[in-house]
Amino acid sequence: MGRFSVMTLTDAAAQRVSEIVATRENALGIRVGIKKGGCAGMEYMIDLVTEAKAGDDVVEKDGSKVFVAPEAVLYLLGTQMDFEVTKLRTGFVFNNPNQTSACGCGESVELTPAKPEAIASAAS
């Protein structure tokens, strides 16, 4: 049985990660995590990765690498990471089944950890 992926990347997200890495010296990819903050309670974090950290999960698509911080795994399980450009906003978008609400501005979210049955189905 192969290892399951914590999250998936759309083609647009993978392309944007590749563009970011190509313009930064020593970059391996980006790291996605979560932190407490904002009016809804949590925020997604994105940082440049120049060195992998122990415990990171790595999601790869078309040569792009997204490192998932260990403390974020249960909150990001099953998430699809996309990249979109609109008239009002350009950036990564997280389609997360663990998100229960978001603030009006979209900068913060409320997340619940994935339930054990979701973990079991993702692994199979």
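- Labelled according to an unreviewed UniProt entry, the chain appears under the name Fe-S cluster assembly scaffold SufA, originating from Phyllobacterium sophorae.
- Database annotation for the chain, UniProt heading Sequence similarities (unreviewed entry): "Belongs to the HesB/IscA family."

**Overview of the side chain of aspartate 56**
And then number 1: Looking at the secondary structure, you find aspartate 56 in the loop between strand E3 (41-49) and strand E4 (57-61).
And then number 2: The buried category is assigned to aspartate 56, whose relative accessible area is 14%.
And then number 3: Only 2.6 Å separates the side chain of aspartate 56 from the side chain of arginine 31, close enough to count as a polar contact.
And then number 4: Each residue touching aspartate 56, except ones within four places of it in the same chain, is listed here: Arg31, Phe67, Val68, Ala69 and Pro70.

**Side note on the side chain of threonine 79**
And then number 1: Mapped onto the elements, threonine 79 comes out in strand E6 (residues 79-85).
And then number 2: A polar contact of 3.2 Å, which involves the side chain of threonine 79, links it to the side chain of asparagine 96.
And then number 3: Ignoring anything within four residues of it in the chain, the contact list for threonine 79 reads Val6, Met7, Thr8, Phe94, Asn95, Asn96 and Pro97.

Procedures and definitions
- Residues numbered from 1 in each chain as written.
- Predicted model: local features only at pLDDT ≥ 70, side-chain atom pairs only at ≥ 80, totals over all residues.
- Heavy atoms only, no water.
- UniProt positions renumbered as here; feature names shortened; annotations may be inferred.
- Helix = DSSP H or I, 4+ residues; strand = E, 2+ residues; numbered from the N terminus.
- Buried < 20%, exposed > 50% of the residue type's maximum accessible area, 1.4 Å probe, protein only.
- Polar contact = N/O pair within 3.5 Å; in protein donor to acceptor, adjacent residues only side chain to side chain.
- Contact = heavy atoms within 4.5 Å.

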